[in-house]
Amino acid sequence: MVAAFCVACYVAAFAQMALPIGATAKVALWAAFYGLAKASQYTAIFILGKEGVRRLRAFFGR
């Protein structure tokens with residue numbers, strides 16, 4: 001769930017560059033969406049934690 005939101009924010013951060021709006025608005029939108037993407041990414045890592053990472057590695061056979 002968080003990963004899908006993260007990817008959607010990354011897409012929105014860079015896709016808005018194609019909109020016919022001013023440069024200031026593009027920078028503001030990019031900063032907002034990129035910030036949301038990074039925040040959701042770090043939140044997912046924090047929630048997952050050390051034990052979760054260990055379980056994922058075991059599950060995928062790393």
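Presented here is a report on the structure given in the accompanying data block. (Residues numbered from 1 in each chain as written. Predicted model: local features only at pLDDT ≥ 70, side-chain atom pairs only at ≥ 80, totals over all residues. Heavy atoms only, no water.)

**With respect to a nonpolar patch on the surface**
Going by this rule: Residues form patches when they are more than 30% accessible in relative terms and have no salt bridge. Like charges link within 9 Å. Nonpolar side chains (Val, Leu, Ile, Met, Phe, Trp, Tyr) link within 5 Å. Note on areas: Shrake-Rupley with a 1.4 Å probe; residue coverage comes only from the protein chains shown. Put simply, a salt bridge is a Lys or Arg side-chain nitrogen that is within 4 Å of an Asp or Glu carboxyl oxygen. Put simply, DSSP H or I for four residues or longer makes a helix, DSSP E for two residues or longer makes a strand, and each gets a number counted from the N terminus. Note on exposure labels: buried denotes an accessible area under 20% of the residue type's maximum, exposed denotes more than 50%, and partly exposed covers the range between, all computed with a 1.4 Å probe on protein chains only.
Taken together, the side chains of Leu48, Val53, Leu56, Phe59 and Phe60 make up a nonpolar region of the molecular surface, amounting to roughly 520 Å² of accessible area. Of note, Leu56 is situated in helix 2 (residues 23-60). Judged by relative accessible area, which is 39%, Leu56 ranks as partly exposed.

**Here's the deal with the side chain of Gln16**
The condition that has to hold: We call two N or O atoms a polar contact when they sit within 3.5 Å, provided that within protein one can donate a hydrogen and the other can accept it, with sequence-adjacent residues counted only if both atoms are side-chain atoms. Working rule for contacts: check all heavy atoms of both residues, and any pair within 4.5 Å makes them a contact.
Mapped onto the elements of the fold, Gln16 is located in the loop between helix 1 (2-15) and helix 2. Side-chain polar atoms of Gln16 contact the backbone oxygen of Lys26, separated by 3.3 Å. Once you skip the residues sitting within four places of it in the chain, Gln16 turns out to touch Lys26, Leu29 and Trp30.

**Some details on helix 2**
Filter applied, for reference: The length a helix should cover is 1.5 Å for every residue beyond the first. The seven residues ending at a residue and the seven starting there each receive a fitted axis; the angle between those axes is the bend at that residue.
Look at helix 2: only 44 Å from first C-alpha to last across 38 residues, short of the 56 Å you get at 1.5 Å a residue. Of all the bends found along helix 2, the most pronounced is centred on Gly49 and spans about 85 degrees. Within the span of helix 2, buried status applies to Lys26, Ala37, Ser40 and Gly52. Among the residues trailing helix 2, Gly61 stands out with phi positive, at a value near 70 degrees.

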